[in-house]
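# A closer look at the structure
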Amino acid sequence: MSESKEMKTRESSEMQAQSEQDVFLRPAVDIYEDGHEITLRADMPGVSRDRLQVQVDGNNLAIEGQAAIDMPEGMEALHADVRTTRFRRSFTLSNELDSGNINAEMKDGVLTLRLPKRAELQPRKIEVSVG
Amino acid sequence: MFGYLTGFDTDVFDQLDRMRRQMDRMFGEVSRPAGIRSLAAGTFPAVNVGVSEEQVDVYLFAAGIDPKTLNISLQQNLLTVEGERKIQYPEKVQFYRQERFSGQFRRVLTLPEDVDPDQVSAHYRDGVLQISVKRREAVRPRQIEVK
């Protein structure tokens, strides 16, 4: 309907690596929106709730997680698709989102974030009374 | 009318070049021949395999799957993991990103030949499926005592 409905979330920082330590994995995400909120789902396998960090700094949303993989002693990698255990990705939020009321859930390595839109900006159904 | 073609923001190309070099560094030398059953990088789920003297551990990075849909089989040293991740998307929503894999998957791995198919265990936690297979005793180096 309106052309001003541009991308509500835009990614900020790309992968920035100075050394091996700084290499992060960008988790795959699904982002969708209905009338009330934006939902973000991120794949962060190996990350439990206590190793997850969701931060909002002004308009910037950052998700970060540390995966824990129990490798026994004396084990060597024979094949590794995944070479780092840290996930990170960030997004720029638009002003209509109520960043103070973000709901976060973590289950089986999937992070679900619900970002509600500010109450006054949600579409409101107007009742028509017949009289 | 067309302006300067070189007047474009050259930062874009610098960034692409930097990213290419980072990718090369991260994924390393690709000169080794690929396993005949190997899949393209980025296939879901990602797999790591670790070996020690006693066992072989296979880690599959599959977030959000129902372990009951998994079909894990080990035929001698050929490990097959099949499963499905069906993501239920709500209706009447607008998508901005849809990067997560949804559907059936299968990964087939050739493990070291001395794995014992009778000693396999599998454990799913926080989105990581860990499959451990013990190696056969006979192949472990035996210490020879000098009397």
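Below or above, wherever it landed, is the structure these notes cover. The structure displayed is predicted, hence computed values, not measured ones.

### A few points about the sheet that holds strand E2 (residues 29-33) of chain A
With antiparallel pairing, five strands are arranged side by side in an open sheet as E8(A)-E9(A)-E3(A)-E2(A)-E5(B). Every interior strand has two partners, whereas the edge strands, strand E8 (103-107) of chain A together with strand E5 (94-98) of chain B, have only one. Taking the axes of each pair of neighbouring strands and ignoring which way they run, one obtains an average angle of 10° across the sheet. Sheet analysis places E8(A) next to strand E9 (residues 110-116) of chain A, joined by five bridges and oriented antiparallel. In the strand pairing of E9(A), A:Ala104 is matched with A:Leu113.

### So, the nonpolar core
Membership of the largest hydrophobic core comes to 37 residues, with the highest contact counts inside it found for A:Leu111, B:Val58, B:Leu60 and B:Leu79. Going through the elements one at a time, E2, strand E3 (37-43) and E9 of chain A together with strand E1 (46-51), strand E2 (55-61), strand E4 (78-85) and strand E8 (128-135) of chain B are the ones with two or more residues in this core. If sequence neighbours within four positions are ignored, B:Leu60 has contacts with B:Pro45, B:Val47, B:Val81, B:Arg107 and B:Leu129.

### Remarks on the pairing of E2(B)
Residues and elements named next belong to chain B. Counting buried positions along E2 yields six of seven residues, so the element is predominantly enclosed. A loop of three residues connects E1 with E2, the two strands running antiparallel in sequence. As defined by bridge partners, E2 adjoins E8 across seven bridges and the pair is classed as antiparallel. Looking at the pairing, Gln-55 lines up with Lys-134 of E8.

### Side note on the interface of chain B and chain A
Taken together, the 30 residues of chain B in the interface contact 36 residues of chain A. Listed by contribution, the elements that provide at least two residues to the side of chain B that touches chain A are helix H1 (11-27), E1, E2 and E5 of chain B. In terms of residue class, the side of chain B that touches chain A is built from 15 nonpolar, eight polar and seven charged. Alignment of E2(A) against E5(B), held across four bridges, turns out to be antiparallel. Bridge pairing links A:Ile31 to B:Arg97 in E5(B).

Rules behind the numbers
- Sequence order as written defines residue numbering, which begins from 1 separately in each chain.
- All chains are assigned letters beginning with A, and all ligands numbers beginning with 1, in the order in which they are written.
- With pLDDT at 70 or above as the cut-off, local features in this predicted model cover only qualifying residues; side-chain atom pairs require 80 or more to be listed or tallied, and sums for whole chains, interfaces and linings still use all residues.
- Paired strands, as defined in this entry, are two strands with at least two bridges between them according to DSSP.
- A run of H or I in DSSP becomes a helix once it reaches four residues, and a run of E becomes a strand once it reaches two; helices and strands are each numbered from the N terminus.
- In this analysis, axes come from line fits to C-alpha atoms, helices being fitted only over the stretch in contact, and the angle between any two N-to-C directions falls in the range 0 to 180 degrees.
- Residues enter a nonpolar core if they are buried, belong to Ala, Val, Leu, Ile, Met, Phe, Trp, Tyr or Cys, and are joined to the set through C-beta atoms within 7 Å.
- Buried means a residue has 20 or more other C-beta atoms within 10 Å of its own C-beta, exposed means 12 or fewer, and partly exposed covers the counts in between; C-beta atoms are placed from the backbone.
- Contact between two residues is assigned whenever their backbone-derived C-beta positions fall within 7 Å.
- Residues are grouped as follows: nonpolar covers Ala, Val, Leu, Ile, Met, Phe, Trp, Tyr, Cys and Pro; charged covers Asp, Glu, Lys and Arg; every other residue, Gly included, is treated as polar.

That is the geometry; function is a separate question.
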